[in-house]
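# Observations on the three-dimensional arrangement
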Amino acid sequence: MTKYLISFPSEAMVLTDEELNAASVDSHAVIEEAKAAGVYVFGGGINEPVAPVLVSADGSVSGEIYPGSRLNGGFAVLELPTREEAVKWAAKLARACRCAQELREFMYDPAS
């Protein structure tokens, strides 16, 4: 089984308050469906008001992050048997969130 990241950036969700509430209900329903199917690993939304930091090997912390590095919005990690199944789940989340989802495959790591 392969793990897939299904995500969207915050700016993709251009919704009214009413639409946002409906998207929240619908996306939580898809997550509950994924949990019931046994494919849910974890997910959530990036807490955007909390600034990211860069932590060095010596433990020092910097407010500077890698150039071009930007992560916001919401995501889910699902463990699925095929990419085709991942596309189906991404489509379910796209319908629920009212925006297209990015799909990325994690490389296999026998230690994880």
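Please refer to the structure placed before this passage.
From a predicted model like this one, the values you see are computed outputs, not experimental measurements.

Across its full length, the protein carries two helices and six strands. In the protein, the succession of helices and strands from N to C terminus is β-α-β-β-β-β-α-β. Taking the principal axes of its C-alpha atoms as reference, the protein extends roughly 40 × 40 × 20 Å. Here the protein holds 112 residues, and 24% of them are scored as buried. Summed over its atoms, the accessible surface of the protein is roughly 7600 Å², and 57% of this surface lies on carbon and sulfur atoms. If you average the places of the 9 positive and of the 16 negative side-chain charges in the protein, the two averages end up 6 Å apart.

This part takes up the environment of Val-25. With respect to the secondary-structure elements, Val-25 resides in helix H1 (residues 17-37). By relative accessible area, which is 57% here, Val-25 ends up exposed. In this structure the C-alpha to C-alpha distance between Val-25 and Ala-96, which are 71 residues apart in sequence, comes to 8.2 Å.

A separate point is the packing of H1 against helix H2 (residues 83-97). In the contact formed by H1 and H2, the axes pass within 7 Å of each other and the chain directions differ by 155 degrees. Taken together, H1 and H2 sit at an angle that is classed as roughly antiparallel. In contact with Ala-23, Asp-26, Ser-27, Val-30, Ile-31, Glu-33, Ala-34 and Ala-37 of H1, H2 contributes Trp-89, Lys-92, Leu-93, Ala-96 and Cys-97. Its residues placed into classes, the contact of H1 with H2 shows nine nonpolar, one polar and three charged.

The rules behind each value
Residues numbered from 1 in each chain as written. Predicted model: local features only at pLDDT ≥ 70, side-chain atom pairs only at ≥ 80, totals over all residues. Heavy atoms only, no water. Helix = DSSP H or I, 4+ residues; strand = E, 2+ residues; numbered from the N terminus. Buried < 20%, exposed > 50% of the residue type's maximum accessible area, 1.4 Å probe, protein only. Areas by Shrake-Rupley, 256 points an atom, 1.4 Å probe, with all protein chains shown as cover. Lys, Arg positive; Asp, Glu negative; His and termini not counted. Charge placed at Lys NZ, Arg CZ, Asp CG, Glu CD. Axes fitted to C-alpha atoms, helices over the stretch in contact; angles between N-to-C directions. Parallel < 35°, antiparallel > 145°, perpendicular 65-115°, else oblique. Contact = heavy atoms within 4.5 Å. Nonpolar A, V, L, I, M, F, W, Y, C, P; charged D, E, K, R; others polar.

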